[in-house]
Amino acid sequence: MIDDVGNAIIMMEEKEIKFIRLQFVDINGIPKTISIPYRGNEDIESIFNDGLLFDGSSIDGFVEIEDSDLIMKPDPTTFSLLPWRPEESGVCRYICDIYTTDNKPFEGDPRTALKKSLEKIKKSGLDYNIGPEPEFFILDQDEQGYHIPHDDATYFDVEPVDKGPNFRRKLVIDLEELGFEVEASHHEVAPGQNEIAFEFDRALKTADAVITFKQAIKAIVDNMGYKVTFMPKPFFGVAGSGMHCHQSLFKNGENLFYDENNENGLSKMASHFMGGLLKHSPAISAVVAPTVNSYKRLVPGYEAPVYISYGFKNRSTLIRIPAARGKGTRIEYRSPDPSCNPYLAFTAMLEAGLDGIKNKIDPGEPAEFNIYDLSQEELDEKGIKTLPTSLWEAYHAFDENRVLQKGLGKHISQKFLESKYAEWDEYRIQVFGYEVKKYINL
């Protein structure tokens, strides 16, 4: 029987691979890569089995300079060509796991953190399936060189107002060459904003896919003379970009979030999972909305989810339960944005949900009304709280949350907090044009 490494070698031989890109991400989810020549089976088998040594002190969130050696080992199941680089035929890419020189999984590797969380539920035969919806803006430049949306279209618009069909067509074709099963593509609410939804799948495969997705879209659109941004809120006064995450637990192909005997079709497990997400949502916010700019998106209006509540088909709540039932039963967690590290984001949501199941956390009653219409007094009466309004609030909530810190591990939690403290300190001492315009004459 041919194992995963054997299959990978056969694939590289068939595709006449000449160079191999080995890729992983830092604590912020930024891809890092090294290219090596393909010199034959024995050489690549050694890299699959023994890995490649690199300087971990040069990677954000990894190790210090006095103990800097780490090893990257490619996962043979993550073989991918690079369709956006046709001039580089004969090049493939593998996603790597990171190990210490003692050949132990490195606890600071975001992919390893997600794998550890998934191992917990794997012992019970469970799979964590997730389907993210990363939104993005396609940008042009004006005469002064400022970035502007590349069109003035809105939700579901068509040509000629929507200038995105050719972009999305090229993106879908290239993404399908990468192995994506694209469900839909369309123009989003804001000018220049687009969405491509891909298939609901197991969490590790999906996290790998999000990294590949963002990298591919940036490269493809760059080749077309434009720019893509996954910045959560690039423009004032219009909707920002989210990455809503549809999720459920499966066992032996059965969706455990579905209960045909319950009037609303949801199982107790689904309710308790939601309870965990709602309880830990302030701390989760630091991980799934991890930048200063994320909180320019998370404001009332613009369909942004700021209220810690859930509802059926209700887009003013943090958690929405779509109408699909049976195998399609799922909950949609709406505060993540595409600037997050998907490995850490999925880990944080899973750990919170599992805590809800373990402790049978009640999510309370669903909100079946437009929360944006409520006054602060009405919100208080109904006990509806809000997500953090700044990165400062979010990382302090994370700093006090032992469930998420344990789930992500000591190393990542510490490095993540250090990074967020530094980002906030850098931001808070800046002076912006808005402040000068408003206060210069005081």
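Residues numbered from 1 in each chain as written. Predicted model: local features only at pLDDT ≥ 70, side-chain atom pairs only at ≥ 80, totals over all residues. Heavy atoms only, no water.

Asks: Is there a simple way to think about the nonpolar core in this case?
Replies: Side chains of a nonpolar character, in soluble globular proteins, are inclined to be buried together. Among the nonpolar cores identified, the biggest contains 91 residues, and Y128, F346 and M349 are the most heavily contacted of them. The element that contributes the greatest number of residues to this core is helix 5 (residues 203-223), accounting for eleven residues. When near neighbours in sequence (up to four residues on either side) are disregarded, F346 contacts L114, Y128, I130, P132, A203, T206, A207, V210, M243 and C245. I9, Y38, F54 and M72 belong to the second largest nonpolar core, which has 25 residues in total. (Core = buried A, V, L, I, M, F, W, Y, C linked by side-chain atoms within 4.5 Å. Buried < 20%, exposed > 50% of the residue type's maximum accessible area, 1.4 Å probe, protein only. Helix = DSSP H or I, 4+ residues; strand = E, 2+ residues; numbered from the N terminus. Contact = heavy atoms within 4.5 Å.)

Asks: Which parts of the structure should I look at to understand the layout of surface pockets?
Replies: In this approach, a probe sized like a water molecule rolls over the atoms, and the result shows the empty space that is left. Its boundaries defined by the atoms lining it, the largest pocket holds a volume of some 1,100 Å³. If you trace the largest pocket, you find 44 residues lining it, with T77, R111, L204, K205 and D208 closest to the centre. Per element, the largest residue contribution to the lining of the largest pocket is eight residues, and it comes from helix 3 (residues 110-122). Class assignment of the residues belonging to the lining of the largest pocket gives a composition of 19 nonpolar, eight polar and 17 charged. (1 Å grid on protein atoms, 1.4 Å probe; cavity = no way out; pocket = protein on both sides within 12 Å on 5 of 7 lines; lining within 4 Å. Points joined across faces, edges and corners; volume = space filled by probe spheres on them. Nonpolar A, V, L, I, M, F, W, Y, C, P; charged D, E, K, R; others polar.)

Asks: Sorry if this is basic, but what is going on with the packing of helix 3 against helix 8 (residues 342-358) here?
Replies: To characterise two packed helices, one gives the angle between the axes of the helices and the distance between these axes. Relative to each other, helix 3 and helix 8 sit at 25°, their axes nearing to 8 Å. Between helix 3 and helix 8, the crossing angle belongs to the class labelled roughly parallel. In the packing of helix 3 onto helix 8, the handedness of the crossing is left-handed. Residues P110, R111, A113, L114, S117, L118, K120 and I121 of helix 3 touch helix 8, and the partners they reach there are Y343, L344, F346, T347, L350, E351 and L354. Counted by class, the contact of helix 3 with helix 8 contains ten nonpolar, two polar and three charged residues. (Axes fitted to C-alpha atoms, helices over the stretch in contact; angles between N-to-C directions. Parallel < 35°, antiparallel > 145°, perpendicular 65-115°, else oblique. Left-handed = near helix turned anticlockwise from the far one by under 90°.)

Asks: Can you help me understand the pairing of strand 4 (residues 69-74) in this one?
Replies: For a regular strand, the rule is simple: side chains alternate between the two faces of the sheet. The buried fraction of strand 4 amounts to five of the six residues, a majority that puts the element mostly inside the structure. Bridge count for strand 3 (residues 52-55) against strand 4 is four bridges, and the pairing is antiparallel. Each bridged residue has a counterpart across the sheet, and for D55 the counterpart in strand 4 is D69. Pairing of strand 4 with strand 6 (residues 91-99), which is carried by four bridges, proceeds in the antiparallel orientation. By the bridge assignment, M72 is partnered in strand 6 with I98. (Pairing = 2+ DSSP bridges.)

Asks: Mind showing me how you'd approach the packing of aromatic side chains here?
Replies: Both the distance between ring centres and the angle between the ring planes are used here to describe each pair of aromatic rings. Per the stated rule, a full pass over the model turns up 15 aromatic pairs. Centroid distance Y395 to Y421: 4.4 Å. Interplanar angle 40°. Geometry classified as tilted. One end of the pair, Y395, is in helix 10 (residues 391-399); the other, Y421, is in helix 12 (residues 410-428), with 26 residues separating them in the sequence. The class of Y421 is partly exposed, set by a relative accessible area of 31%. Put simply, the rings of F24, F54, F62 and F106 touch in pairs and so form one group of aromatic residues. (Phe/Tyr/Trp six-rings, centres within 6.5 Å; stacked < 30°, edge-to-face > 60°.)

Asks: Even after reading the chapter, I still don't get helix 3, so can you show me in this structure?
Replies: Residues three or four positions apart in an α-helix share a direction because the helix packs 3.6 residues into each turn. In this model, helix 3 (13 residues) spans 18 Å end to end at C-alpha, consistent with the 18 Å of a helix rising 1.5 Å per residue. Among all positions in helix 3, only P110, R111, T112, A113, L114, S117, L118 and I121 are buried. (Expected span 1.5 Å × (residues − 1).)

Asks: Whenever I open this one, helix 6 (residues 268-288) confuses me. Can you help?
Replies: With 21 residues, helix 6 should reach 30 Å at 1.5 Å per residue; the first-to-last C-alpha distance of 25 Å falls well below that figure. Its maximal kink placed at S281, helix 6 deviates by approximately 75°, while the proline P282 follows within four residues. Among the 21 residues in helix 6, 17 count as buried, and that is most of the element. (Bend = angle between axes of the 7 residues up to and from the residue.)

Asks: How should I be thinking about unusual backbone geometry in this particular structure?
Replies: For residues that are not glycine, phi is negative in most cases, and the peptide bond is trans in most cases. Positive phi, normally seen in glycine, also occurs at E16, with a value near 55°. Among the structural elements, E16 can be located in the loop between helix 1 (4-14) and strand 1 (19-25). Within the chain, K360 stands out as a residue other than glycine whose phi angle is a positive 50°. Along the chain, the position of K360 falls in the loop between helix 8 and helix 9 (376-382).

Asks: What is the right way to read a negative patch on the surface from this model?
Replies: A contiguous patch of negative charge, built from D3, D4, E42, D43 and E45, is present on the exposed surface. The element that contributes the greatest number of residues to the negative patch is helix 2 (residues 41-50), accounting for three residues. With respect to the helices and strands, the residue D4 is situated in helix 1. (Patch = residues over 30% accessible without salt bridge, like charges linked within 9 Å, V, L, I, M, F, W, Y side chains within 5 Å. Areas by Shrake-Rupley, 256 points an atom, 1.4 Å probe, with all protein chains shown as cover. Salt bridge = Lys/Arg side-chain N within 4 Å of Asp/Glu carboxyl O. Lys, Arg positive; Asp, Glu negative; His and termini not counted. Charge placed at Lys NZ, Arg CZ, Asp CG, Glu CD.)

Asks: Quick question: what am I supposed to make of the packing of helix 6 against helix 10 here?
Replies: Axis separation between helix 6 and helix 10 bottoms out at 7 Å; the angle between their running directions is 115°. Seen from above, helix 6 lies across helix 10 with left-handed handedness. On helix 10, the residues that touch P282, A283, S285, A286 and V287 of helix 6 are A394, Y395, A397 and F398. In terms of residue class, the contact of helix 6 with helix 10 is built from eight nonpolar, one polar and no charged.

Asks: Can you help me understand the state of the cysteines in this one?
Replies: Disulfide: a covalent bond formed between the sulfur atoms of two cysteine residues. By the definition in use, this model includes zero disulfides. C92 takes part in no disulfide bond, and the closest cysteine sulfur, belonging to C96, lies 11 Å away. By relative accessible area, which is 0% here, C92 ends up buried. Assessed through its relative accessible area of 1%, C96 is described here as buried. (Disulfide = S-S within 2.5 Å.)

Asks: Sorry, what's going on with a nonpolar patch on the surface here?
Replies: Taken together, the side chains of F432, Y434, Y439 and L442 present a nonpolar region at the surface, about 530 Å² in accessible area. Tracing the backbone shows F432 in the loop between helix 12 and helix 13 (433-439).

Asks: It is not clear to me how the pattern of salt bridges should be interpreted in this structure. Could you clarify?
Replies: Oppositely charged side chains may form a pair once their charged atoms are brought near each other. One pass over the structure, following the stated rule, counts twelve salt bridges. Of the charged contacts in the structure, one is a salt bridge between D97 and R111, with a shortest N-O distance of 2.7 Å. Taken together, the positions of D97 in strand 6 and R111 in helix 3 put the pair 14 residues apart, joining distant regions of the chain. Residue classification places D97 among the buried positions, given a relative accessible area of 7%. When the shortest N-O distance is used, the salt bridge between R320 and E332 registers 2.4 Å. Of the two residues, R320 sits in strand 16 (residues 319-321) while E332 sits in strand 17 (residues 331-333), which places them twelve residues apart along the sequence. Across this residue pair, the class does not change: R320 and E332 are buried. Residues joined by salt bridges that share partners form a network here, namely D75, D97, R111, K115 and D208.

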